[in-house]
Amino acid sequence: MGVGKSTVGQLLAERLGVGYRDTDEDIVAAEGRTIADIFVAEGEPAFRAIEKRAVQAALAGHEGVLALGGGAVLDAEIRGLLADRRVVYLSMDVEEAVKRTGLNAARPLLALNPRKQWRELMEARRHLYEEVATAVVATDGRTPEEVTQAALDALELAASPGGQPPDPRPEDAVANQVTRIQVGGTAGTDPYEVLVGRQLLGELGGLIGEKAKRVAVIHPEALAETGDALRADLAGQGYEAVAIRVPNAEEAKTAEVAAYCWKALGQSGFTRSDVIVGVGGGSTTDLAGFVAATWLRGVRWIAVPTTVLAMVDAAVGGKTGINTAEGKNLVGAFHPPAGVLCDLAALDSLPVNDYVSGLAEIIKAGFIADPVILELIESDPQAARTPAGPHTAELIERSIRVKAEVVSSDLKESGLREILNYGHTLGHAIEKNERYKWRHGAAVAVGMHFAAELGRLAGRLDDATADRHRTVLESVGLPLHYRYDQWPKLVETMKVDKKSRGDLLRFIVLDGLGKPTVLEGPDPAVLLAAYGEVGQ
């Protein structure tokens, strides 16, 4: 898995002037779903039966280069069919494997602890690979072209004249594309990078650095196996690693949970040169950053967000915090991370409601700064609702760039950064009123609908842009309404919002598309009228 057999197979077929076929692709085409989905729905034995039929059909009907799934040779009948074929086993060591596969949910057998599970798989399979192999070709440190030539040499085959290599498939290429977005440092803080791509686990050690002796992985209960796997992985790299399990979602953002984390750090002997890694959604990265900001008055931390919301919002910008009974994020600190790893593979298994919730922050970025985001979503709203959509990476990268540009010039929310709270004033009040049982993105979606109506009624925003809020949010399945009778409670909650000054309510509204501004002390009658469009 991840050895690059699809890329090398296509290169080899081109060089030999023959056809190329991949049994994994045959399975996906025939079943109409991904291999990971088959594993989840039916289990590995059912998948192996499907795979066996696909390999038998391909061996019987294909003359050329054929790429087999990594587990195909587990079946004795398949090994028998390969006995009179030229078989190339592409090998690599565990460190290279982890770099290439990372936390990739699309590879279900490596989803939890890549390094440990790779070793276990190889211990079970290596002798079978060697048994069926005509030639063994090492891929470590080699380009796909070099591996292809080594395979030709090992098989003593001559390439056809004029053969041109095809473009490698990005998921199997040896080098994976990574987008690096710079977030500038301000007022005594260092700049850092947000990495967006797949198979990013290999970047973590470089961000932690050689000075750190200890690493604490803070993760939610829902990601217990992932957190333990990362801890074990870091321990294998020589760090004294500890996993700190915290409650899921907003239940983690309390003073009691922060104190629990401080205790764990103290018992582990954490010093200023050590590093915290926050793995999970926005609540986990908020908590991890706050714990890092307050332990010894500030230690380095790295965010590994696993949800859309965390990738485009919570993990970027250095705003950390916890909630109190009086409101959301009222206690916190500005403490930027040393780096952020947005591994898009983590989104492949995200529940659809959580994925759609994160779209609210992406849509927000579209309205306040980058209208191309809105155009991409409007071009195919249903595709925007899934990580398999054609624009997923671009939507996330554009949203991160919006936030990176803002926070680079205003780390501590003294001015420009307030625009990132578009839709959040009412959204946070709804979350508190629902005791944080509502998803953040759902509440922000209602908040943006309210802000659009408020801007319209205040004479700031044109009708077309205000109406566009409704159509875009509704098209991806985000809510537009909240209970009308809760308005008095929501007003009282909004009075302690971070943007408020004394008793003066302040809202981010739009003067037009991509033109956010502050509306101070709006007439209570206008506020009520705006909520009249939202409440039901």
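Everything that follows concerns the structure shown earlier in this document.
1. Considering the overall build of the chain
When helices and strands are counted, the chain shows 22 helices and 15 strands. Relative to its 536 residues, the chain shows a buried fraction of 54%. Carbon and sulfur atoms make up 50% of the accessible area of the chain, which totals about 22,300 Å².

2. Some details on helix 11 (residues 255-267)
Taking 1.5 Å of rise per residue, 13 residues should cover 18 Å, and helix 11 covers 18 Å from first to last C-alpha, within 8% of that figure. Inspection of helix 11 places Val257, Ala258, Cys261, Ala264 and Leu265 among the buried residues, and these make up the whole buried set. Buried residues of helix 11, viewed axially, fall in a sector of 120 degrees; they line one side. In helix 11, the exposed positions that point more than 90 degrees away from the buried face belong to Glu256, Lys263 and Gln267. Those residues of helix 11 hidden inside the fold are in contact with strand 7 (214-220), strand 8 (240-246), strand 9 (275-280) and helix 12 (282-294). Just beyond helix 11, the residue with positive phi is Gly269, at close to 75 degrees.

3. With respect to the sheet that holds strand 8
Sheet strands associate in pairs through backbone hydrogen bonding, adopting either a parallel or an antiparallel arrangement. Read from one edge of the open sheet, seven strands run 5-6-13-10-9-7-8, paired in mixed fashion. Edge positions in the sheet fall to strand 5 (178-183) and strand 8, since each has one partner strand and no second. Averaged over all pairs of adjacent strands, the angle between strand axes in this sheet comes to 15 degrees, irrespective of strand direction. Bridging between strand 10 (residues 300-305) and strand 13 (residues 339-343) involves two bridges; their strand directions are parallel.

4. A short note on the pattern of salt bridges
Note that side chains of opposite charge can pair when their charged atoms are close. Per the stated rule, a full pass over the model turns up 37 salt bridges. Between Arg85 and Asp84 there is a salt bridge; the shortest N-O distance is 3.8 Å. Among the ionic pairs, Glu418 bridges to Arg506, the shortest N-O distance being 2.8 Å. Here the residue Glu418 occupies a position in the loop between helix 17 (392-409) and helix 18 (424-433), and Arg506 occupies one in strand 14 (residues 506-510), the gap between them amounting to 88 residues. Each of Glu453, Arg456, Asp463, Asp467, Arg470 and Glu533 takes part in salt bridges that share partners, so that together they form one network.

Basis of the calculations
- Residues numbered from 1 in each chain as written.
- Predicted model: local features only at pLDDT ≥ 70, side-chain atom pairs only at ≥ 80, totals over all residues.
- Heavy atoms only, no water.
- Helix = DSSP H or I, 4+ residues; strand = E, 2+ residues; numbered from the N terminus.
- Buried < 20%, exposed > 50% of the residue type's maximum accessible area, 1.4 Å probe, protein only.
- Areas by Shrake-Rupley, 256 points an atom, 1.4 Å probe, with all protein chains shown as cover.
- Expected span 1.5 Å × (residues − 1).
- Arc of directions from axis to C-beta.
- Contact = heavy atoms within 4.5 Å.
- Pairing = 2+ DSSP bridges.
- Axes fitted to C-alpha atoms, helices over the stretch in contact; angles between N-to-C directions.
- Salt bridge = Lys/Arg side-chain N within 4 Å of Asp/Glu carboxyl O.

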